[in-house]
Amino acid sequence: MGNQIDFEKSGGLVPAIIQDVQTLEVLMLGYMNEEAWQKTQSDKRVTFFSRSKNRLWTKGEESGHFLEVVSTHIDCDCDTLLIKALPKGPTCHTGSRSCFSTEYNQNFIFELANIIASRYEFPTADSYVSRLHTRGLNKIAQKVGEEAVETVIAALAEDEVDFINEASDLVFHLLVLLKEKGIPLETIAKNLENRHR
């Protein structure tokens, strides 16, 4: 990493934004001094400097809900950290997935892709995804086609509720098809971003 954090700029502590690496949701904000930053890098678990306890504090040290570090990023002014992490349980002490009370999980589609991947890895008889996977690529592709047609019909009928439901079915089955083909949703997002330029 080319940039180094400037701890002196703000009196020895820098803000550290924690983001879920899978869903990209902001989970929490904490502060790190240089020792916490070094411990976070060496242990691959997020460690803060607790201003109230006046000591290092590893998130999850009591609950077991650690934040496993996937990547770290320093902002352009070298005085703020962004850490993409894999949360091992809820992040907030209230039991919520995030310390920020948003009205819905803005990145649930990424989370849904992860749920589908989990159904592939740990199939169960009562899982619709597992049953689709067992039936194979042709059946999954056929379902995407069926849901696309139903989405178009609902759009033309101008029934908003039906259209929302059919569009949701289409996105869900497309996610299953992407998993079946081994293409991560991130690949589609990056491709769309590249095509937009």
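Residues numbered from 1 in each chain as written. Predicted model: local features only at pLDDT ≥ 70, side-chain atom pairs only at ≥ 80, totals over all residues. Heavy atoms only, no water.

(A) Up close: the overall build of the protein. From N to C terminus, the protein includes six helices and six strands. Computed over the C-alpha atoms, the radius of gyration of the protein is 21 Å, more than 25% above the 16 Å expected from 2.2 N^0.38 for a compact globule of 197 residues. For the protein, the spread of C-alpha atoms along the three principal axes comes to 60 × 40 × 30 Å. For the protein, the residues scored as buried account for 35% of the 197 residues in total. (Helix = DSSP H or I, 4+ residues; strand = E, 2+ residues; numbered from the N terminus. Rg over C-alpha atoms; globule rule 2.2 N^0.38 Å. Buried < 20%, exposed > 50% of the residue type's maximum accessible area, 1.4 Å probe, protein only.)

(B) Structural detail: the domain arrangement of the protein. Taken domain by domain, the protein comprises domain 1 (8–87) and domain 2 (108–196). Computed over C-alpha atoms only, the centres of domain 1 and domain 2 are separated by 34 Å. (Domains from an automatic or database assignment.)

(C) Representation of the environment of K39. Mapping K39 onto the fold places it in helix α1 (residues 34–43). In sequence terms K39 and L56 are 17 residues apart; their C-alpha atoms lie 9.2 Å from each other. Among all residues touching K39, those that are not within four sequence positions of it are K44, R45, T47, L56 and T58. (Contact = heavy atoms within 4.5 Å.)

(D) Spotlight on the packing of aromatic side chains. Evaluation of the coordinates by the stated rule reveals two aromatic pairs. Ring geometry for F48 against W57: centres 5.5 Å apart, planes inclined by 25°, an arrangement best described as stacked. Aromatic pair Y128 and F172: ring centres 6.1 Å apart, planes at 25°, arrangement stacked. Taken as a pair, Y128 in helix α3 (residues 128–135) and F172 in helix α5 (residues 160–181) lie far apart in primary sequence, 44 residues in all. For Y128, a relative accessible area of 34% gives the class partly exposed. With a relative accessible area of 18%, F172 lands in the buried category. One cation-aromatic arrangement involves R45 over F66; the distance from NZ or CZ to the ring centre is 3.6 Å. (Phe/Tyr/Trp six-rings, centres within 6.5 Å; stacked < 30°, edge-to-face > 60°. Lys NZ or Arg CZ within 6 Å of the ring centre and 35° of its normal.)

(E) Seen up close, the pairing of strand β5 (residues 67–74). As paired strands, β5 and strand β6 (residues 81–87) are joined by seven bridges and run antiparallel to one another. Opposite V69, over in β6, you have A85 as the bridge partner. Where β5 hands over to β6, the hairpin turn is made up of six residues, of which C78 adopts a positive phi near 60°. (Pairing = 2+ DSSP bridges.)

(F) Inspection of the sheet that holds β6 at higher detail. On the basis of which strands lie adjacent, the open sheet formed by four strands has the order β2-β1-β6-β5 and mixed pairing. This sheet does not close on itself; its edge strands, each paired only once, are β2 (26–32) and β5. Taken over all neighbouring pairs, the strand axes of this sheet differ in orientation by 25° on average, direction set aside. Here six bridges tie strand β1 (residues 14–20) to β2, and the two strands are oriented antiparallel to one another. (Axes fitted to C-alpha atoms, helices over the stretch in contact; angles between N-to-C directions.)

(G) Broad picture of the nonpolar core. I18, M32, V46 and L81 are the most contacted members of the largest nonpolar core, which totals 19 residues. Of all the secondary-structure elements, those providing two or more residues to this core are β1, β2, α1, β5 and β6. Leave out the neighbours within four places in its chain, and L81 touches I5, V14, P15, A16, I17, M32, W37, H73 and I74. Residues L132, F172, L178 and L185 belong to the second largest nonpolar core, which totals 14 residues. (Core = buried A, V, L, I, M, F, W, Y, C linked by side-chain atoms within 4.5 Å.)

(H) Up close: the pattern of salt bridges. Summed over the entire model, instances satisfying the criterion amount to seven salt bridges. A salt bridge links E61 to R55; its shortest N-O distance comes to 3.1 Å. The closest approach of N and O atoms between K143 and E147, which form a salt bridge, is 3.5 Å. You can see K143 and its partner E147 sitting in helix α4 (residues 137–157), four residues apart, about one turn around the helix. Each member of the pair K143 and E147 is classed as buried. Each of K143, E146 and E147 takes part in salt bridges that share partners, so that together they form one network. (Salt bridge = Lys/Arg side-chain N within 4 Å of Asp/Glu carboxyl O.)

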